[in-house]
Amino acid sequence: MKISRLHVTIALALLSLSLTACKKKPHDAPAAEPPAASAPAASAPAAASDKPAVTRAEAAQAAFDPTTVPVSDAALPPFPYLKYPDTLPEGMRLTEKQDFDELWVIAGKQLRKVEGKFESHQFGLTEANLSLAAARRNYENLVKAMGGVKVSETTLSALAPDGGETYLDIQKKIRLDRSDMSYDCYLVRKPDQLIWIALMFSDNDARTVVIAEEPFKQTVAFVTADAMQSALASAGHVALYINFDTDKAAIRPDARPAVDEIARLLEQNPALKLTIEGHTDNSGDPAHNKALSQQRANAVMGAMMAAGIAADRLTAVGLGDSKPLADNKDEAGRAKNRRVELVKRT
């Protein structure tokens, strides 16, 4: 095939145009700086996060308002409203409950403390013969039938700890067993009460936490001298809850009525001799707890001697956390274990 002079001329012209277009022009320089143009792309992973972290300050500004939830007129079953699946054997049911306790829920973007009666149910999905979808749908339908409104707008990972608090601290507060569990909180607003219901699920487990807000009711009163004498006569010992500041042995002013009753007991019974036992919960170092309990027993004995009771009628001993009255796993149990006991000496 012959190549004409015209073809060669056209080819050379095209090649010249192509080389000219590839040359860098002075006025093109600003647009040819890729680092500045690519900077936004480098930060894309952070912007792609599902939800931004929420600090305590931001949460306080956007505090959840329960009055935004409509009042429910649904007739409710007895507390705790939700029961275990009928398919779940009795021995596979893990229940926690208290007539009064402090608990935490996630409402809106806020970690919120609530007080009242609570009950928690936990079980395995396999043991209940339920799929994750079936368990979730069952409980969601029940809560919605109560007039519950979903109020969670964040997750554990989106709550940014500050003030020294860790994610594990938050996880414990909301009773979330594992970080891979989902967490949905509902509010049932009745005319005279707020009811919080947390539903938590993983591929293998389910947990419900129901909290009916109620005001605290005083159930512990100062023991009178007559009541102490009756307990000593029948059981040989009596537990007293004398107030001390945390990790201190000085008797607080609000504990004086109880101390005065001990003195009155001893004055009314001149032959009575007592061992004053100090007890603590299991928080902290056992050796420290034992020393603290001895100091507190000594403080009570010193108060008796200051009231005119002879020292030979009294003995003080610190037992630390060695003789608990209740389980130390929660605050209610620990509070029962922090005590002073009077033991009758023969």
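Preceding this paragraph is the structure being described.
Residues numbered from 1 in each chain as written. Predicted model: local features only at pLDDT ≥ 70, side-chain atom pairs only at ≥ 80, totals over all residues. Heavy atoms only, no water.

Draft legend 1. Representation of the nonpolar core within the structure. Ranked by internal contacts, the top residues of the largest apolar core, which has 28 residues, are Ile242, Ile262, Met304 and Leu342. Secondary-structure elements contributing two or more residues to this core are helix H7 (225-234), strand S7 (237-240), helix H8 (256-268), strand S8 (274-279), helix H9 (286-306), strand S9 (314-318) and strand S10 (339-344). Broken down by element, this core gets its largest block of residues, six residues, from H8. The residues contacting Ile242, other than those within four sequence positions of it, are Ile251, Ala255, Ala258, Val259, Ile262, Val300 and Val340. (Core = buried A, V, L, I, M, F, W, Y, C linked by side-chain atoms within 4.5 Å. Buried < 20%, exposed > 50% of the residue type's maximum accessible area, 1.4 Å probe, protein only. Helix = DSSP H or I, 4+ residues; strand = E, 2+ residues; numbered from the N terminus. Contact = heavy atoms within 4.5 Å.)

Draft legend 2. Here's a closer look at H8. Spanning 13 residues, H8 covers 18 Å between terminal C-alpha atoms, matching the ideal 18 Å at 1.5 Å per step. All buried positions along H8 are accounted for by Ala258, Val259, Glu261, Ile262, Ala263, Leu265 and Leu266. Its buried side turned inward, H8 meets H7, S7, S8, H9, S9 and S10. (Expected span 1.5 Å × (residues − 1).)

Draft legend 3. A look at the layout of surface pockets. By volume, the second largest pocket is sized at about 160 Å³. Taken together, Tyr81, Lys83, Tyr84, Pro85, Asp86, Leu130, Asn138, Tyr139 and Leu142 make up the lining of the second largest pocket. Taken together, the residues of the lining of the second largest pocket break down into six nonpolar, one polar and two charged. (1 Å grid on protein atoms, 1.4 Å probe; cavity = no way out; pocket = protein on both sides within 12 Å on 5 of 7 lines; lining within 4 Å. Points joined across faces, edges and corners; volume = space filled by probe spheres on them. Nonpolar A, V, L, I, M, F, W, Y, C, P; charged D, E, K, R; others polar.)

Draft legend 4. Layout of the sheet that holds strand S6 (residues 205-213). Pairing is antiparallel in the open sheet, where six strands are placed in the order S1-S2-S6-S5-S4-S3. Across the chains shown, the open sheet's two edge strands, defined by having one partner strand only, are strand S1 (94-107) and strand S3 (149-150). In this sheet, strand S4 (residues 182-190) lies alongside S3 in antiparallel orientation, the contact comprising two bridges. If you follow Val149 over to S4, its bridge partner there is Leu187. Where helix H5 (residues 132-145) meets the sheet, it contacts strand S2 (110-124), S4, strand S5 (193-201) and S6, and its direction lies at approximately 175° from that of S5. (Pairing = 2+ DSSP bridges. Axes fitted to C-alpha atoms, helices over the stretch in contact; angles between N-to-C directions.)

Draft legend 5. Representation of the pattern of salt bridges within the structure. The final tally for this structure, using the stated rule, is 15 salt bridges. A salt bridge links Glu90 to Arg93; its shortest N-O distance comes to 3.6 Å. According to the relative accessible area criterion, Glu90 is exposed, its value standing at 62%. Put simply, Asp184 and Lys150 hold a salt bridge, and the shortest N to O gap is 3.3 Å. With Asp184 in strand S4 and Lys150 in strand S3, the pair connects residues that are 34 residues apart, well separated along the chain. Overall, Asp184 belongs to the buried group, its relative accessible area being 11%. Via salt bridges that share partners, Glu96, Asp101, Arg175 and Arg207 belong to a single interconnected network. (Salt bridge = Lys/Arg side-chain N within 4 Å of Asp/Glu carboxyl O.)

Draft legend 6. Highlighting the pairing of S5. Within S5, eight of the nine residues are buried, leaving the element largely enclosed by the surrounding structure. Where S4 lies against S5, nine bridges are found, and the strand directions are antiparallel. Paired with Cys185 across the strands is Ala198, a residue of S5. Relative to S6, S5 is paired through seven bridges, and the arrangement is antiparallel. Pairing of Phe201 across the sheet is with Ala206, part of S6. Linking S5 to S6, which pair antiparallel, is a turn of three residues.

Draft legend 7. How the structure looks around the packing of aromatic side chains. In this structure the tally under the stated criterion is five aromatic pairs. With a centroid separation of 6.4 Å and 40° between ring planes, the pair formed by Phe123 and Tyr139 is classed as tilted. Of this pair, Phe123 sits in strand S2 while Tyr139 sits in helix H5, and the two are 16 residues apart along the sequence. Judged on exposure class, the residue Phe123 and its partner Tyr139 are both buried. Taking NZ or CZ as reference, Lys117 lies 5.2 Å from the ring centre of Phe79, over its face. When the ring centre of Trp104 is taken as reference, the NZ or CZ atom of Lys173 above it lies at 4.0 Å. (Phe/Tyr/Trp six-rings, centres within 6.5 Å; stacked < 30°, edge-to-face > 60°. Lys NZ or Arg CZ within 6 Å of the ring centre and 35° of its normal.)

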